[in-house]
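Fold and geometry: a report
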2 protein chains.
Amino acid sequence: MSQAMAQLFQRITTGVHVIGVADAIRPSAFTAAWVMPVSFQPLLMALSVNPDHASYVLLKAGGHFTVNVLGKSQLALAAHFGTPGRMDKLAGHAWHPGRSGAPLLDDALALFECSVTAELPAGDHVLTLGRVLWGELRDPSMEPLIYRDTGNLDGAAAIFPDDFE
Amino acid sequence: MSQAMAQLFQRITTGVHVIGVADAIRPSAFTAAWVMPVSFQPLLMALSVNPDHASYVLLKAGGHFTVNVLGKSQLALAAHFGTPGRMDKLAGHAWHPGRSGAPLLDDALALFECSVTAELPAGDHVLTLGRVLWGELRDPSMEPLIYRDTGNLDGAAAIFPDDFE
């Protein structure tokens, strides 16, 4: 594990997002920091996902994902949706399905729904490109949660290598 | 142009970075917000670049890029390196070449040097994947500059489409 490497990479600023996915039967959601816009025309969003996680199967099957942007006060939501292995992470949370069936959280600061257009293998992750179908700013006054401010909530320090190779 | 669309996409939090590139003869640098880590093992960084910009030719020729992370007080550096068409943007700035020749700014908060491993066309941009060769946290006390806090410095509101298609 490497706390130093985690702290270095936290200087690349990102937000904290709950990514919604769904196949024909089941919706699910997980927390992700590695999300960014990558094109103006067309509007494209890139998402880096761990293909070993259960949600990746739903992402591949459904071909869509939602980006629910979390606000500064929503660290608990980030922790909840960042804990793998729970049977139904959406139970007890206010949400509704987007056009694709992928979940949209009622409490998110901003929402986006994307249709997957391409994938690129990227080390232990897969970089997924999505066309932004629509988006909505729910609360302009809410400050987004910043990944660096979550400390080691996601346990990244245990995953980062100790050194550069 | 769409101020509303720009404001919506600013809720996806990113930092502000000066990207260094170089071919065998000439180094150059440009400001970019769309940079994020995408893999732990190996350490990979994704950068979305506009292939119509002059620096893209240097990025392709050199096969490397540096990420110079700017701090909150470095808005002027972001503006300087974000203005295209200057003959030698590096003149008068303290920098030295990285292993690849790509420029490292002495005043950056943190530095990364990356070797390009893959590319994916992404609308009006190209998503470039780079293996992180090394990185360094220069000033742990410095807060990174956040893209949203630069307002419309980069003129993105004029580039964003008015609506989703």
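Residues numbered from 1 in each chain as written. Chains lettered and ligands numbered in written order. Predicted model: local features only at pLDDT ≥ 70, side-chain atom pairs only at ≥ 80, totals over all residues. Heavy atoms only, no water.

This part takes up the interface of chain B and chain A. Contact residues are listed per partner, giving 57 residues for chain B and 55 residues for chain A. Both sides of the chain B and chain A interface together cover about 5100 Å² of buried area, and 73% of this is carbon and sulfur. Linking chain B with chain A are 2 salt bridges, by the criterion used here. Our count for the chain B to chain A interface comes out at 13 residue pairs in polar contact (both at pLDDT 80 or more). (Contact = heavy atoms within 4.5 Å. Buried area = accessible area lost by both parts, 1.4 Å probe. Salt bridge = Lys/Arg side-chain N within 4 Å of Asp/Glu carboxyl O. Polar contact = N/O pair within 3.5 Å; in protein donor to acceptor, adjacent residues only side chain to side chain.)

We now examine the relation of the copies chain B and chain A. At an RMSD of 0.0 Å, chain B and chain A line up after a rotation of 180° and a shift of 0.0 Å along the axis. Taken together, the rotation angle and the small translation identify this as a two-fold axis. Among all residues of chain B, the one whose C-alpha sits closest to the rotation axis is T14 of chain B, at a distance of 2.4 Å. (Least-squares fit on C-alpha atoms with pLDDT ≥ 70 in both.)

Let us now look at the nonpolar core. In this structure, F112 and L127 of chain A together with F112 and L127 of chain B are the most contacted members of the largest nonpolar core, which totals 112 residues. When sequence neighbours within four positions are dropped, the list of residues in contact with L127 of chain B reads M36, V38, A46, L127 and L129 of chain A together with A46, L47, S48, A118, E119, L120 and A122 of chain B. (Core = buried A, V, L, I, M, F, W, Y, C linked by side-chain atoms within 4.5 Å. Buried < 20%, exposed > 50% of the residue type's maximum accessible area, 1.4 Å probe, protein only.)

Residues and elements named next belong to chain A. If you walk across this open sheet you meet the 7 strands as β2-β1-β5-β8-β9-β4-β3, and the pairing is antiparallel. Lying at the two open borders of the sheet, with one neighbouring strand each, are β2 (27–32) and β3 (35–39). The average angle at which neighbouring strand axes cross in this sheet is 35°, direction not considered. Here strand β1 (residues 17–22) pairs with strand β5 (residues 64–69) via 4 bridges, running antiparallel. (Pairing = 2+ DSSP bridges. Helix = DSSP H or I, 4+ residues; strand = E, 2+ residues; numbered from the N terminus. Axes fitted to C-alpha atoms, helices over the stretch in contact; angles between N-to-C directions.)

Here we come to the side chain of S39 of chain B. Of note, S39 of chain B is situated in strand β3 (residues 35–39). One polar contact links S39 of chain B to D124 of chain A, side chain to side chain, over a distance of 3.0 Å. A distance of 2.6 Å separates the side chain of S39 of chain B from the backbone oxygen of P42 of chain B, its partner in a polar contact. With residues up to four places along the chain from it excluded, the contact list for S39 of chain B reads W34, A122, G123, D124 and H125 of chain A together with L44 of chain B.

Interpreting fine coordinate detail is not advised for predicted regions of low pLDDT. The pLDDT averaged across chain A works out to 96; a share of 99% of its residues lies at or above 70. Reported confidence for the predicted complex is 0.96 by ipTM and 0.97 by pTM. (pLDDT = per-residue confidence, 0-100.)

Moving on, we come to the sheet that holds strand β5 (residues 64–69) of chain B. All names here are of chain B. Across the sheet, 7 strands lie side by side as β2-β1-β5-β8-β9-β4-β3; this open sheet has antiparallel pairing. At either margin of the open sheet sits one strand with a lone partner, and together these are β2 (27–32) and β3. Direction aside, neighbouring strands of the sheet carry axes that sit 35° apart on average. Where strand β1 (residues 17–22) lies against β2, 6 bridges are found, and the strand directions are antiparallel. For G20, the partnering residue across the bridge sits in β2 and is A29. The sheet strands contacting helix α2 (residues 54–62) are β1, β2, β4 (44–49), β5, β8 (110–122) and β9 (125–137), and the helix crosses β1 at an angle near 60°.

What follows concerns the pattern of salt bridges. Residue and element names in this part refer to chain A. By the definition in use, this model includes 6 salt bridges over all chains. Here E119 ties to K60 by a salt bridge, and the two come within 3.2 Å at their closest N and O atoms. Taken as a pair, E119 in strand β8 (residues 110–122) and K60 in helix α2 (residues 54–62) lie far apart in primary sequence, 59 residues in all. E119 gets classed as partly exposed once you look at its relative accessible area, which sits at 30%.

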